[in-house]
Amino acid sequence: MTDPTAVATRRGRLAAHCRDVCEAPAFSLAVFAVILFNAALLGVETYSGLSAEYSRLLGMTEDFCLAAFTLEMVIRLAAHADRPKAFFRDPWNLFDLLVVSSAFIPFLRENTTLLRLLRLARVLRTARFMPQLRVLLVAVGRSLPGTVSFLFVGALILYVYAMIGWICFSGHDPAHYGSIGRAGLTLFLLMTLEGLGDAVYAGLAVSPLSIVYYASYVLLASFVLLNVLIGVVLNALEEAREMEEQSQRAAQRAEAEVDVADELLLRIAAVRGALDDMEAQLGSAGIGAQLPAASAPAAHASAGAR
């Protein structure tokens, strides 16, 4: 029967060795270099002449990148052999596993467009080796709910001012305000302050009050809403930094707990091995058989005395 403690100890040793490999700077640098090489390879394939002339070489290099990514993923999985649930709790591990394993799915391998998109997604894996980039990506995701609210308010303001512009300027400037769509496109371009001077002078030719229209629109669309968006992004960036710090502290605590558990398992295995050795020595010396024989006369003597 297999000893559970021995199995756990071997698994812990394997995970410890793989964690040492994953945490080595050379390993991270090598994976990062392969990711950049894969990105450059995708760029080379966009040139039809080079792609046709070196198709075999490009295919071999793609197989090399895939083999390197697969080996990396196997090592990362083995690093969590003693705590597999921790691997699947990390969103970046799930993303890496999905991107790498997708190359082995039959339907995706046959679809060239999807396969190239998934290969392009490997470039995003550089975030694993660049903490600041990882924080920025998390901040972008955290800012999406606030950005949706910002877009709704911005679209509402744009629609109201587009209707006002159509009512006031459609007869004099139909090229820019002839319909609600043209007015909205004009105001959307004005949001970047591009061509604002020409629009203001064209509006002043119609009515001096047009300056109020353009000034209020620029104030709301280009300054107020932009500052609101910056505030949403900065708040999300701060939350992302806090989440990154918490995840690092949690990883350090988990690693410390694993080290303590591994040490206890090793001690238990050592004590069990020592007991097995002592039992074997006692058996070879015949002490175990002598003890019952020596104790039998003493038992008879005590019975006679009674």
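Source: prediction; values computed, not measured. Numbering of residues starts from 1 in every chain and runs along the sequence as written. Selection of residues for local features in this predicted model requires a pLDDT of at least 70, selection of side-chain atom pairs for listing and counting requires 80 or more, and totals for whole chains, interfaces and linings are taken over all residues. As a convention, hydrogens and water are excluded, and side-chain values are obtained from all of the structure's heavy atoms.

## Some words on the packing of aromatic side chains
Working definition: rings of Phe, Tyr and Trp (its six-membered ring) pair if their centres are within 6.5 Å, and the pair is stacked with planes under 30 degrees apart, edge-to-face with planes over 60 apart, and tilted otherwise. On inspection of all chains with the given rule, the structure shows seven aromatic pairs. With a centroid separation of 5.3 Å and 50° between ring planes, the pair formed by F169 and Y177 is classed as tilted. Among the aromatic residues, those joined into a cluster by ring pairs are Y161, F169, Y177, Y213, Y214 and Y217.

## Some words on the environment of L36
Within the secondary structure, L36 is located in helix 2 (residues 25-44). In sequence terms L36 and R125 are 89 residues apart; their C-alpha atoms lie 9.9 Å from each other. Strands here are runs of E lasting at least two residues and helices are runs of H or I lasting at least four, both read from the DSSP assignment and numbered beginning at the N terminus.

## With respect to a nonpolar patch on the surface
Where nonpolar side chains cluster on the molecular surface, the patch consists of F152, V153, L156, Y159, V160, I164 and I180 and spans about 650 Å² of accessible area. Element by element, the count of residues in the nonpolar patch is highest for helix 9 (residues 131-169), at six residues. By the element assignment, I164 lies in helix 9. Note on exposure labels: buried denotes an accessible area under 20% of the residue type's maximum, exposed denotes more than 50%, and partly exposed covers the range between, all computed with a 1.4 Å probe on protein chains only. Since its relative accessible area comes to 34%, I164 is described here as partly exposed. In this scheme, patches are assembled from residues that exceed 30% relative accessible area and form no salt bridge. Like charges are connected within 9 Å, while nonpolar side chains (Val, Leu, Ile, Met, Phe, Trp, Tyr) are connected within 5 Å. In this description, accessible areas are obtained by the Shrake-Rupley approach with a 1.4 Å probe, and a residue is regarded as covered only by the protein chains that are shown. Salt-bridge detection follows one rule: a side-chain nitrogen of Lys or Arg within 4 Å of a carboxyl oxygen of Asp or Glu.

## Describing the side chain of T61
Tracing the chain through its elements places T61 in helix 4 (residues 55-79). Exposure remark for T61: the relative accessible area of 18% places this residue in the buried category. Setting aside anything within four residues of it in sequence, one finds T61 in contact with F37 and L41. Contacts between residues were defined by any pair of non-hydrogen atoms, one from each residue, lying within 4.5 Å.

## Topic: the packing of helix 4 against helix 6 (residues 91-101)
Axes here mean lines fitted to C-alpha atoms, for a helix over just the part in contact, with angles spanning 0 to 180 degrees between N-to-C directions. Interaxial distance between helix 4 and helix 6 falls to 10 Å at its minimum, and their mutual angle equals 145°. Between helix 4 and helix 6 the crossing geometry is left-handed. Seen from helix 4, the contacting residues are L66, F69, T70 and M73; seen from helix 6, they are D96, L97 and V100. Throughout, a crossing is termed right-handed when the near helix is turned clockwise from the far one, and left-handed when it is turned anticlockwise from it by less than a right angle.

## A look at helix 2
The length a helix should cover is 1.5 Å for every residue beyond the first. A rise of 1.5 Å per residue sets the reference length of helix 2, with its 20 residues, at 28 Å; its end C-alpha atoms lie 29 Å apart and thus fit the reference within 8%. When we look at burial in helix 2, the residues that qualify are F27, V31, V34, I35, N38, L41 and L42. The arc enclosing the buried residues of helix 2, seen along the axis, measures out at 120°, which places them on a common side. With respect to the buried face of helix 2, the exposed residues turned more than 90 degrees away are P25, A26 and L29. Think of it as the arc spanned by the lines of direction from the helix axis to the C-beta atoms.

## Focus on the nonpolar core
The criterion is simple. A nonpolar core is a set of buried Ala, Val, Leu, Ile, Met, Phe, Trp, Tyr and Cys residues joined through side-chain atoms within 4.5 Å. Grouped together as the largest cluster of nonpolar side chains are 17 residues, with contacts concentrated most on Y161, Y177, L187, L190, Y213, Y214 and Y217. Among the elements of the structure, helix 9, helix 11 (180-190), helix 12 (196-206) and helix 13 (210-285) are those that each provide at least two residues to this core. For this core, the leading source of residues is helix 9, giving six residues. In contact with L190, not counting residues within four places along its chain, are Y177, G195, L196, A199, Y214, Y217 and S222. With 15 residues, the next largest nonpolar core counts C22, V31, I35 and F69 among its residues.

## Remarks on the side chain of E72
Along the chain, the position of E72 falls in helix 4. By relative accessible area, which is 2% here, E72 ends up buried. The definition of a polar contact used here is a pair of N or O atoms within 3.5 Å, where within protein one atom must be able to donate a hydrogen and the other to accept one, and adjacent residues in sequence count solely through side-chain atom pairs. Only 2.8 Å separates the side chain of E72 from the side chain of R76, close enough to count as a polar contact. Those residues in contact with E72 that lie beyond four places of it in its chain are F27, V31, R125 and F129.

Any functional reading would require information beyond the geometric quantities listed.
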